[in-house]
Amino acid sequence: MINTRLEEVINKQINAELYSAYLYLSMSAYFESINLPGFANWMRVQFEEEQFHGLKFLNYLVSRGGRVSLDAIEKPQFEWNSVIEVFEQTLEHEKHVTSLLNNIADIAEEEKDRATRNLMIWFIDEQVEEEGNAEKIINELKMIGGEGHGMLMLDREFATRTFVPPVGA
């Protein structure tokens, strides 16, 4: 049985993951509106990943005898000034998520809950990848000035991205 303190922060994290999915779906719709279907696809894959993360936390909580309590999901932003701004916000959002996950890991350590600590290792490793992806894209967008032929090439590259649930996750 999971303790109440961890149950509470994991419930908050489920909400945070579902908000992340909602935010990335909004970003996808924004990219569709400015005729960047590849970028839209990239964000839809992010949307799917965040839904997967939310369900992973939900399933974990249920498996540990916890009670899931879903909150309302905040309305996400839906307009941006540039593609670069979208990815800068993505990076800042991922850094925020990293801090939330680190907090859960800290609580798991304090509570000596090794199962939750092990779960958090997977999520923290995932966050290193998430932040790295956003930083790489920001750097690429800055190299091409966020416009021109480079944008077309990135859009085509991003159109090929697919969601594949991690093995053993």
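Residues numbered from 1 in each chain as written. Predicted model: local features only at pLDDT ≥ 70, side-chain atom pairs only at ≥ 80, totals over all residues. Heavy atoms only, no water.

S.K.: I would appreciate a short explanation of the overall build of the protein chain in the present structure.
M.R.: Per the secondary structure count, the protein chain includes five helices and zero strands. Relative to a compact globule of 169 residues, whose C-alpha radius of gyration would be 15 Å, the protein chain shows 17 Å and is just as compact. With the C-alpha coordinates of the protein chain rotated into their principal frame, the extents come out at 55 × 25 × 25 Å. When contacts within the protein chain are restricted to residue pairs at least 6 apart in sequence, those whose partners lie at least 24 apart make up 82%. Treating the 15 positive side-chain charges of the protein chain as one cloud and the 29 negative ones as another, the clouds have centres 5 Å apart. (Helix = DSSP H or I, 4+ residues; strand = E, 2+ residues; numbered from the N terminus. Rg over C-alpha atoms; globule rule 2.2 N^0.38 Å. Contact = heavy atoms within 4.5 Å. Lys, Arg positive; Asp, Glu negative; His and termini not counted. Charge placed at Lys NZ, Arg CZ, Asp CG, Glu CD.)

S.K.: Is there a simple way to think about the pattern of salt bridges in this case?
M.R.: Pairing between side chains of opposite charge can happen when the charged atoms of each approach one another. Per the counting criterion, the structure on display carries nine salt bridges. Here Asp113 ties to Arg64 by a salt bridge, and the two come within 3.1 Å at their closest N and O atoms. In this pair, Asp113 is assigned in the loop between α3 (83-110) and α4 (114-143) and Arg64 in the loop between α2 (37-63) and α3, connecting sequence segments 49 residues apart. Arg64 matches Asp113 in its accessibility class, with the two residues each being buried. (Salt bridge = Lys/Arg side-chain N within 4 Å of Asp/Glu carboxyl O. Buried < 20%, exposed > 50% of the residue type's maximum accessible area, 1.4 Å probe, protein only.)

S.K.: Please explain the environment of Glu50 as it appears in this structure.
M.R.: Residue position: Glu50 is located in helix α2. A C-alpha to C-alpha distance of 23 Å links Glu50 and Gly65, two positions 15 residues apart in sequence. Apart from residues no more than four positions distant in its own chain, Glu50 is found in contact with Glu17, Ser20, Ala21, Tyr24, Glu94 and Glu130.

S.K.: Hey, could you run me through the packing of aromatic side chains in this one?
M.R.: Ring pairs (aromatic) are described by centroid distance and by the angle formed between their planes. Counted under the stated rule, the structure contains 12 aromatic pairs. Pairing Tyr30 with Trp80 gives two aromatic rings, centres 5.3 Å apart and planes at 65 degrees, and the pair type is edge-to-face. Of this pair, Tyr30 sits in helix α1 (residues 4-33) while Trp80 sits in the loop between α2 and α3, placing them 50 residues apart in sequence. Judged by relative accessible area, Tyr30 falls into the buried class, the value being 7%. Summarising the aromatic geometry, the rings of Phe39 and Phe158 are spaced 4.8 Å apart at their centres and angled 80 degrees between planes, so their arrangement reads as edge-to-face. Here Phe39 is found in helix α2, whereas its partner Phe158 is found in helix α5 (residues 149-158), with 119 residues between them in sequence. Site record: aromatic cluster; members linked through ring pairs are Tyr30, Phe31, Phe39, Trp42, Trp80, Phe87 and Phe158. Between the NZ or CZ atom of Lys56 and the centre of the ring of Trp122, over which it lies, the distance is 4.5 Å. A cation sits over an aromatic face here: Arg161 above Trp42, 4.2 Å from the ring centre. (Phe/Tyr/Trp six-rings, centres within 6.5 Å; stacked < 30°, edge-to-face > 60°. Lys NZ or Arg CZ within 6 Å of the ring centre and 35° of its normal.)

S.K.: I would appreciate a short explanation of the packing of α1 against α2 in the present structure.
M.R.: In helix packing, the relevant descriptors are the interaxial angle and the interaxial distance, both defined with respect to the helix axes. Relative orientation of the contacting elements α1 and α2 amounts to 165 degrees, with a least axis distance of 8 Å. Classified by the angle their axes make, α1 and α2 are roughly antiparallel. The way α1 lies across α2 gives a crossing that is left-handed. Class assignment for the residues of the contact of α1 with α2 results in 17 nonpolar, eight polar and five charged. (Axes fitted to C-alpha atoms, helices over the stretch in contact; angles between N-to-C directions. Parallel < 35°, antiparallel > 145°, perpendicular 65-115°, else oblique. Left-handed = near helix turned anticlockwise from the far one by under 90°. Nonpolar A, V, L, I, M, F, W, Y, C, P; charged D, E, K, R; others polar.)

S.K.: I keep staring at the packing of α2 against α3 and nothing clicks. Help me out?
M.R.: Direction vectors running N to C along α2 and α3 enclose 10 degrees, while the axes themselves pass 13 Å from each other. With respect to α3, the axis of α2 lies roughly parallel. By crossing handedness, the relation of α2 to α3 is classed as left-handed. When α2 is examined against α3, the residues Phe39, Trp42, Met43, Gln46, Glu50 and Phe57 are found in contact with a partner set consisting of Val83, Val86, Phe87, Thr90, Glu94, Leu101 and Ile104. The class makeup of the residues in the contact of α2 with α3 is nine nonpolar, two polar and two charged.

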